[in-house]
Amino acid sequence: MSPDIETVNPKRSRYEIAQVPLYPSSVSPASIPQITQMATDFNLSEGANALSPQDMLTLPRPGAPLPNDIGDLAIIPISTYSFQDRKSHKSLSVVALSDGHTYDIPLPDGGDAFWLDSRTIAHVVTKDDTQSLYAIAIATSPLSSDPSFLVGSFPITTASAFRYSPNAQRLVFSAYVYPDGLVETVKEQDTAYENRGNSALVYDATFARQWDTWVGPKSKALIGVSLAKVGAQWVLGEAYVNVLKGTGLSSPVEPFGEADDYDISQTHVIFTAKDPQLPKAMHTRQNIYLVAHDGKDLRQLTSGVQGATHSPVFDPSGDKVAWLELALDGYESGRAKVVIYDLKKDVRFTITEDWDRSPDSIIFSPSSALIYATTGDHARNKIFALAVPPTPLSNTAYTTQPTALTSSGSVSGFTPIPGGRATLARSSLTSPDEVYELSGLDAAEQDLVAGRKPDVKATTLARLTSFSSAGLQGKDLSPGKDFWFKGTAEGQDTHGYVITPPGFERGVNGKWPAVMFIHGGPQAAWFDQWSTLYNPNVFASQGYVVVAINPTGSTSFGQNFTDGINQNWGGRPIQDLLMGWKYILQAYPEIDQNRTVAAGPSYGGYVINWIQGNPELGFGFKALIFDTTYTSYTTDELFFCNHEWGGRPWDPAALEASRKYNPAYTDYRLPEGDGIAVFHALQQLGVPSRLLIFPTENHSVFRWFDQFVGLS
């Protein structure tokens with residue numbers, strides 16, 4: 001155990017319950033006790049007021065609202081899982097923004113949807129090895145739709161991430177292409193590749209695999225084609241232009257890049273792409289590029305010495321662009337700054353130089369006078385407004401005062417519309433995403449442009465949809481309670497949430513079991529946000545007090561707090577979790593300290609193994625669950641471990657950090673073999689353990705807990 005962990009709290013506390021330790025390696029196999037047989041007679045609570053896992057999984061999952069150009073309608077993709085046929089059913093909800101009335105269009109074959117004009121929806125369908133574009137006409141009195149009609153078909157089946165410019169009559173999308181860059185030859189080359197006579201995958205450079213896919217000979221490109229209304233008919237062109245052809249660039253950036261990795265104006269495409277001169281698995285540098293719709297005049301707008309870039313956007317005039325930029329190459333969780341580039345004056349300037357927050361996405365206001373930034377702040381995803389200053393004479397950096405327009409829940413998909421309004425999706429610990437309208441933005445913009453502090457109370461946030469109301473009716477859900485405690489960070493307290501179960505009452509001590517959630521990342525956080533991976537209210541509905549702590553390394557509390565985990569995975573974050581856990585046990589004597597457990601995915605899995613290997617810490621958990629752990633050698637994103645551990649696995653700083661903070665001193669990390677290794681180690685040491693494998697799942701469980709804490 002490292003010295004800094006020994007000094008967490010030198011005074012023993014009555015809240016420190018001994019955790020069953022691993023048997024030392026010197027113990028002979030013959031002396032190891034037999035593993036207890038796991039119980040099988042466990043039933044989840046599925047009462048009317050309980051949110052069971054099945055209840056959660058069958059709730060509709062709305063996407064972000066996409067409003068039309070005049071701001072009276074929005075479309076929302078919906079996915080609803082059915083346990084009856086074990087399928088996800090897709091639909092498109094059309095919402096009237098005036099009153100929230102909805103009209104649903106079933107999409108049996110799924111597919112992307114976007115607006116062609118204020119009354120026509122484009123719908124892309126992939127079926128029978130063909131990808132086709134359909135148009136759906138929408139009427140408003142009453143809200144209804146005409147049958148879809150075929151506009152045309154694409155020469156490929158991987159088109160996605162669509163953006164359409166009515167003024168340019170140009171459709172741009174992402175698609176996989178071979179090195180020749182031609183969409184027209186993809187199907188022929190697919191056939192040749194599939195029939196190449198072997199299944200070998202050969203790599204001379206990283207990435208060899210990423211996330212859940214072995215990298216093949218194709219890469220993503222941005223493809224443009226004409227799409228115009230001729231008379232009463234929409235016509236899809238036949239001349240496809242790959243604006244990245246011959247550049248060595250690929251966008252959107254895999255594995256998660258979508259339409260937010262590029263934007264289009266009437267004349268150009270702006271996009272982010274990995275620096276082609278650097279090994280992709282060892283670097284995060286992404287440059288911002290500008291290219292004409294015909295693929296000519298490619299221009300790099302970034303300095304070329306920065307780190308990653310995200311969310312490139314045009315202003316409505318097309319004269320300015322903005323993006324989010326991280327300073328350090330190799331670090332994916334650095335502070336993202338808002339950078340603006342004036343295309344006419346050829347000047348680049350930063351407007352959030354000293355703002356200690358890191359936006360996730362940005363968009364210009366209709367007047368171009370503001371930038372709206374969706375940003376994590378104290379475990380909420382909020383909308384901030386920033387005034388766009390006049391373009392300086394030369395490249396520079398300063399700070400525009402940000403103003404929060406929302407304060408609770410977590411916002412996504414923020415899109416300004418005419419009339420000083422915006423549509424957005426908002427979720428919380430008690431509700432999945434619903435569509436909201438934020439109004440009163442014109443007055444706030446006038447104040448911000450004039451340098452005045454706006455009256456945020458003059459804006460109105462109105463909920464328009466109730467997609468999940470029926471499924472949540474009668475459910476006793478906890479909104480969560482913030483708590484703050486003194487952790488290891490200097491000058492600031494550490495945050496967490498407590499989510500209590502139905503029927504929880506103060507004053508009845510020692511009644512309730514508890515579970516501590518440990519988030520992954522590690523640069524992430526537990527937010528006031530709905531989740532289908534680790535949903536606190538699902539656990540609370542089974543009778544657990546849920547404790548979700550945001551230790552050192554968590555986001556939304558300032559960059560120094562986030563950076564504090566670097567080369568310190570088993571240090572400050574573990575101390576924070578221990579301090580927060582002791583704080584909760586003291587503040588909530590209703591918790592039965594003999595019935596406590598912990599669970600965590602990804603980095604949370606690392607922590608679980610660290611706790612298991614260091615029982616002297618005194619967490620006192622009776623059972624532990626983890627999803628995954630990390631390995632610096634076999635992970636796909638080498639830059640991640642290189643930064644987090646201070647270098648490549650054999651570099652002195654990284655070697656020392658891994659020896660100091662490696663759980664149980666074995667290399668247990670991300671690929672499934674590492675989970676099996678942990679399982680085998682525990683089994684051979686006689687520790688009750690269970691291995692759960694989902695063969696078709698990637699990086700992204702009550703029976704086990706009940707075995708040890710006995711809810712009844």
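Up top you'll find the structure we're talking about.
Residues numbered from 1 in each chain as written. Predicted model: local features only at pLDDT ≥ 70, side-chain atom pairs only at ≥ 80, totals over all residues. Heavy atoms only, no water.

### Section: the overall build of the protein
For step 1, the next point in the chain: If you tally the helices and strands in the protein, you get 13 helices and 40 strands.
For step 2, the next point in the chain: Counting across all 712 residues of the protein, residues that qualify as buried make up 54%.
For step 3, the next point in the chain: As displayed, the protein has an accessible area near 31,200 Å², and 50% of this comes from carbon and sulfur atoms. (Helix = DSSP H or I, 4+ residues; strand = E, 2+ residues; numbered from the N terminus. Buried < 20%, exposed > 50% of the residue type's maximum accessible area, 1.4 Å probe, protein only. Areas by Shrake-Rupley, 256 points an atom, 1.4 Å probe, with all protein chains shown as cover.)

### Structural notes on the pattern of salt bridges
For step 1, the next point in the chain: Counting across every chain of the model gives 17 salt bridges.
For step 2, the next point in the chain: A salt bridge links Lys127 to Asp109, with the nearest nitrogen and oxygen atoms 3.8 Å apart. Of the two residues, Lys127 sits in strand β7 (residues 120-127) while Asp109 sits in the loop between β5 (102-106) and β6 (113-117), which places them 18 residues apart along the sequence.
For step 3, the next point in the chain: For Arg452, the salt bridge is made with Asp447, and the minimal N-O distance between the two is 2.8 Å. (Salt bridge = Lys/Arg side-chain N within 4 Å of Asp/Glu carboxyl O.)

### What about unusual backbone geometry?
For step 1, the next point in the chain: Geometrically, the link from Ser141 to Pro142 is a cis peptide bond, its omega value of -5° lying close to zero.
For step 2, the next point in the chain: As for its position among the elements, Pro142 is in the loop between β8 (130-140) and β9 (143-145).
For step 3, the next point in the chain: Of note in this structure, Arg86 is not a glycine but carries a positive phi near 55°.
For step 4, the next point in the chain: Here Arg86 shows up in the loop between β3 (73-82) and β4 (87-96).
For step 5, the next point in the chain: Even without being glycine, Ser368 reaches a positive phi, approximately 70°.

### Some details on the nonpolar core
For step 1, the next point in the chain: Met516, Ile518, Val545, Trp581, Val607, Phe619 and Phe621 are the most contacted members of the largest nonpolar core, which has 35 residues in total.
For step 2, the next point in the chain: Of all the secondary structure elements, the ones that give two or more residues to this core are β35 (481-485), β37 (512-517), β38 (545-550), α8 (572-587), β39 (591-600), α9 (603-613) and α10 (638-644).
For step 3, the next point in the chain: In this structure, Ile518 is in contact with Trp526, Leu577, Ala598, Ala599, Gly600, Pro601, Gly604, Val607, Ile608 and Ile611, ignoring residues within four places of it in sequence. (Core = buried A, V, L, I, M, F, W, Y, C linked by side-chain atoms within 4.5 Å. Contact = heavy atoms within 4.5 Å.)

### Description of the sheet that holds strand β18 (residues 262-264)
For step 1, the next point in the chain: The strand order across the open sheet formed by four strands is β18-β19-β20-β21, and the pairing between neighbours is antiparallel. A strand with exactly one partner marks an edge of an open sheet, and here the two such strands are β18 and β21 (299-300).
For step 2, the next point in the chain: Relative to β21, strand β20 (residues 286-292) runs antiparallel, the two being bridged by two bridges. Among the inter-strand pairings, Tyr289 is bridged to a residue of β21, identified as Gln300. (Pairing = 2+ DSSP bridges.)

### Re the sheet that holds strand β23 (residues 320-325)
For step 1, the next point in the chain: Here we have five strands laid out as an open sheet, ordered β22-β23-β24-β25-β29, and mixed in their pairing. In the strand order of this sheet, the two ends are held by β22 (309-314) and β29 (396-397), each with one partner.
For step 2, the next point in the chain: Inspection of the sheet shows strand β24 (residues 337-342) paired to strand β25 (residues 347-350) by four bridges, in the antiparallel sense. By the bridge assignment, Tyr341 is partnered in β25 with Arg348.

### Section: the side chain of Arg426
For step 1, the next point in the chain: Its place among the elements puts Arg426 in strand β32 (residues 421-428).
For step 2, the next point in the chain: For Arg426, the side chain forms a polar contact with the side chain of Tyr436, separated by 3.5 Å.
For step 3, the next point in the chain: Among all residues touching Arg426, those that are not within four sequence positions of it are Ser408, Gly409, Ser410, Val411, Pro432, Asp433, Glu434, Tyr436 and Leu461. (Polar contact = N/O pair within 3.5 Å; in protein donor to acceptor, adjacent residues only side chain to side chain.)

### A short note on α8
Note that an α-helix has 3.6 residues per turn; residues three or four places apart therefore point the same way.
For step 1, the next point in the chain: Here α8 is 16 residues long and its end C-alpha atoms lie 22 Å apart, about the 22 Å a rise of 1.5 Å per residue gives.
For step 2, the next point in the chain: Taken residue by residue, α8 has Pro573, Ile574, Gln575, Asp576, Leu577, Leu578, Gly580, Trp581, Lys582, Ile584 and Leu585 as its buried positions. (Expected span 1.5 Å × (residues − 1).)

### A short note on the packing of aromatic side chains
Two descriptors summarise a pair of aromatic rings, namely the distance from one centre to the other and the angle between the planes of the rings.
For step 1, the next point in the chain: A full pass over the atoms with the stated rule returns 31 aromatic pairs.
For step 2, the next point in the chain: Feature note: the residues Phe114, Phe154, Phe162, Phe173 and Tyr240 constitute an aromatic cluster, connected by ring pairs.
For step 3, the next point in the chain: Between the NZ or CZ atom of Arg163 and the centre of the ring of Tyr262, over which it lies, the distance is 5.6 Å.
For step 4, the next point in the chain: A cation over an aromatic ring shows up here: Arg506 above the ring of Tyr588, its NZ or CZ 3.9 Å from the ring centre. (Phe/Tyr/Trp six-rings, centres within 6.5 Å; stacked < 30°, edge-to-face > 60°. Lys NZ or Arg CZ within 6 Å of the ring centre and 35° of its normal.)

### Regarding the environment of Ile270
For step 1, the next point in the chain: Summarising the element assignment, Ile270 is placed in strand β19 (residues 268-274).
For step 2, the next point in the chain: Its relative accessible area of 0% is what places Ile270 among the buried residues.
For step 3, the next point in the chain: For the pair Ile270 and Val313, spaced 43 residues apart in sequence, the C-alpha separation works out to 7.2 Å.

### Topic: the environment of Leu301
For step 1, the next point in the chain: Checked against the element boundaries, Leu301 lands in the loop between β21 and β22.
For step 2, the next point in the chain: Sequence separation of Leu301 and Val321 is 20 residues, and the distance between their C-alpha atoms is 9.7 Å.

### Quick word on the side chain of Arg170
For step 1, the next point in the chain: Along the chain, the position of Arg170 falls in strand β12 (residues 170-177).
For step 2, the next point in the chain: Buried charged residue Arg170 carries no salt bridge. Nearest counter-charge: Asp294, at 8.2 Å.
For step 3, the next point in the chain: Polar side-chain contacts of Arg170 include one of 3.5 Å to the backbone oxygen of Gly224.
For step 4, the next point in the chain: Contacts of Arg170, omitting those with residues within four sequence positions, involve Arg163, Tyr164, Ser165, Gly224, Val225, Ser226, Leu227, Val241, Ile264 and His293. (Lys, Arg positive; Asp, Glu negative; His and termini not counted.)

### Description of helix α4 (residues 441-449)
For step 1, the next point in the chain: Of all the positions in α4, only Leu441, Ala444, Glu445, Asp447 and Leu448 are classed as buried. The buried side chains of α4 occupy one side of the element, clustering within an arc of 165° when seen end-on. Away from its buried face by more than 90 degrees, α4 exposes Gln446 and Val449.
For step 2, the next point in the chain: Summarising the contacts, the buried residues of α4 are in contact with β27 (370-377), β28 (380-387), β30 (403-404), β31 (410-417), β32 and β33 (431-439). (Arc of directions from axis to C-beta.)

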